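Okay, here's what each chain looks like letter by letter:
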Amino acid sequence: MDTQQEAYKVEAYDLLAELETSLLELEDDPKDMELVDRVFRAMHTIKGSGAMFGFDAIAEFIHDVESVFDLVRDGRIPVTTALVNLALAARDQIKSMLDHADDPAKIDQAQGATILAGFRAILDGGTRPPVVDGPALPTHAPDPADEASAPGEKIYRIRFAPHDTLFQNGTNPLALLAELA
């Protein structure tokens, strides 16, 4: 892979992290149009740059996802938990496509087709992703810690976003994080 393609991949991974964060926040606040715009911009940038640097499969995959979020931006369809979950699954698929850019045979094509079927159903006039026969859509990338957990043990994802003034009142976030561990 040449230097420009490697630079694209680095940027795309950063955008995927931003995309995941924005989607999770959007699930909590589905009417926040700034979050919708962040999701759209991340998808648009990954798609546009992908097409420019030879990642055509990624650009093609993102096309329908981006189109759905354009409808959300226009107020024509609402943000729902099902839409966010489908978008998170699309994010995971894009990451897989980046991870296996040198060996596309390792990409789960059936999973990608299932995800795209959900977005295409929305574009065909639905307002929510349909239930699609095939593999279940993941709601997020698998966490290696999930596989290592003991039976009956639960894994939690905690989002810590302290206020800008956290240190002004003497709060030590390290103690909080140690307690969470």
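Everything below is about the structure shown above.
Residue numbers run consecutively from 1 along every chain, following the written order of its sequence. Two thresholds apply to this predicted model, a pLDDT of at least 70 for residue-level local features and 80 or more for giving and counting side-chain atom pairs, whereas whole-chain, interface and lining totals are computed over all residues. Note that water and hydrogens are dropped before the side-chain values are worked out from all heavy atoms of the structure.

### Re the layout of surface pockets
- Computed over the protein atoms alone on a 1 Å grid, cavities are sets of points where a 1.4 Å probe fits but cannot get out and pockets are open sets with protein on both sides within 12 Å along at least five of seven lines; a residue lines them when it has an atom within 4 Å of a point. Grid points are joined across faces, edges and corners, and a volume is the space filled by probe spheres set on the points. In this structure, the second largest pocket encloses a volume near 310 Å³.
- If you trace the second largest pocket, you find 19 residues lining it, with Ala57, Ile58, Met97, Ile107 and Gln109 closest to the centre.
- Secondary structure elements are taken from DSSP: a helix is a run of H or I of four residues or more, a strand is a run of E of two residues or more, and numbering for both begins at the N terminus. Elements represented by at least two residues in the lining of the second largest pocket include exactly α3 (56–73), α4 (81–99) and α5 (109–123).
- A total of 5 residues in the lining of the second largest pocket trace back to one element, the largest contributor, which is α3.

### Looking at the packing of aromatic side chains
- Side-chain rings of Phe, Tyr and Trp (the six-membered ring for Trp) are treated as a pair once their centres are within 6.5 Å; stacked means planes under 30 degrees apart, edge-to-face means over 60, and tilted covers the remaining angles. Under the counting rule described, the total for this entry stands at 2 aromatic pairs.
- Ring plane angle 40° and centroid distance 6.4 Å describe the contact between Tyr8 and Phe53, whose orientation is recorded as tilted. Note that Tyr8 is positioned in helix α1 (residues 3–28) and Phe53 in the loop between α2 (33–52) and α3, a separation of 45 residues in sequence.
- Residue class for Tyr8 comes out buried when judged on its relative accessible area of 2%.
- The partly exposed category is assigned to Phe53, whose relative accessible area is 23%.
- Judged by centre distance (4.7 Å) and plane angle (35°), the rings of Tyr8 and Phe55 are tilted. Taken as a pair, Tyr8 in helix α1 and Phe55 in the loop between α2 and α3 lie far apart in primary sequence, 47 residues in all. Phe55 carries the same exposure label as Tyr8, and that label is buried.
- Any Lys NZ or Arg CZ that is within 6 Å of a ring centre and within 35 degrees of that ring's normal is treated as a charge sitting over the ring. The positively charged end of Arg73 is found above the aromatic ring belonging to Phe40, 4.0 Å away from the centroid. Only protein chains enter the calculation, and the probe is 1.4 Å; a residue is then buried if its accessible area is under 20% of its type maximum, exposed if over 50%, and partly exposed in between.

### A short note on the environment of Asp70
- Note that Asp70 resides in helix α3.
- Along the sequence, Asp70 and Arg41 sit 29 residues apart, while their C-alpha atoms lie 9.9 Å from each other.

### Some points on the nonpolar core
- Buried residues of nine kinds, namely Ala, Val, Leu, Ile, Met, Phe, Trp, Tyr and Cys, make up a nonpolar core once their side-chain atoms join them within 4.5 Å. By size, the foremost hydrophobic cluster in this structure holds 41 residues, and its most contacted members are Leu23, Ile46, Ile58, Phe61, Phe69, Ile94 and Phe119.
- Elements with a contribution of two residues or more to this core: α1, α2, α3, α4 and α5.
- Broken down by element, the residue count for this core peaks at 10 residues, all from α4.
- Pairs of residues are marked as contacts when any of their non-hydrogen atoms sit within 4.5 Å. Not counting chain neighbours up to four residues away, the residues in contact with Phe61 comprise Ala90, Gln93, Ile94, Met97, Gly112, Ile115 and Leu116.

### Side note on the packing of α1 against α2
- Geometry is summarised by axes, namely lines fitted to C-alpha atoms with helices restricted to the contacting stretch, and by angles between N-to-C directions that run from 0 to 180 degrees. The geometry of α1 relative to α2 is characterised by a closest axis approach of 9 Å and an angle of 160° between their N-to-C directions. Put simply, α1 runs roughly antiparallel to α2. Like other packed secondary-structure pairs, α1 and α2 cross with a definite hand, here left-handed. Between α1 and α2, the residues in contact are Tyr8, Glu11, Ala12, Leu15, Leu16, Glu18, Leu19, Ser22, Leu23, Glu25 and Leu26 and Leu35, Val36, Arg38, Val39, Ala42, Met43, Thr45, Ile46, Ser49 and Gly50, respectively.
- Looking at side-chain class alone, the contact of α1 with α2 contains 13 nonpolar, 4 polar and 4 charged residues. When describing relative orientation, an angle under 35 degrees is termed roughly parallel and one over 145 degrees roughly antiparallel, while 65 to 115 degrees is termed roughly perpendicular and anything else oblique. What makes a crossing left-handed is the near helix being turned counterclockwise from the far one by less than a right angle; a clockwise turn instead makes it right-handed. For this classification, the nonpolar set comprises Ala, Val, Leu, Ile, Met, Phe, Trp, Tyr, Cys and Pro, the charged set comprises Asp, Glu, Lys and Arg, and every other residue, Gly included, is treated as polar.

### Looking at α5
- For a helix, the expected span equals 1.5 Å multiplied by the residue count minus one. For α5, spanning 15 residues, the distance from its first C-alpha to its last is 21 Å, which sits close to the expected 21 Å at 1.5 Å a residue.
- Inspection of α5 places Gln111, Gly112, Thr114, Ile115, Leu116, Gly118, Phe119 and Ile122 among the buried residues, and these make up the whole buried set.
- Residues of α5 that are buried make contact with α3 and α4.
- Pairing of N or O atoms within 3.5 Å defines a polar contact, subject to two protein rules: one partner must be a possible hydrogen donor and the other a possible acceptor, and residues neighboring in sequence count only if both atoms are side-chain atoms. Measuring from the side-chain oxygen of the N-cap residue of α5 to the backbone nitrogen of Ala110 gives 3.2 Å; that N-cap residue is Asp108.

Such coordinate-based values are descriptive only and should not be taken to indicate function.
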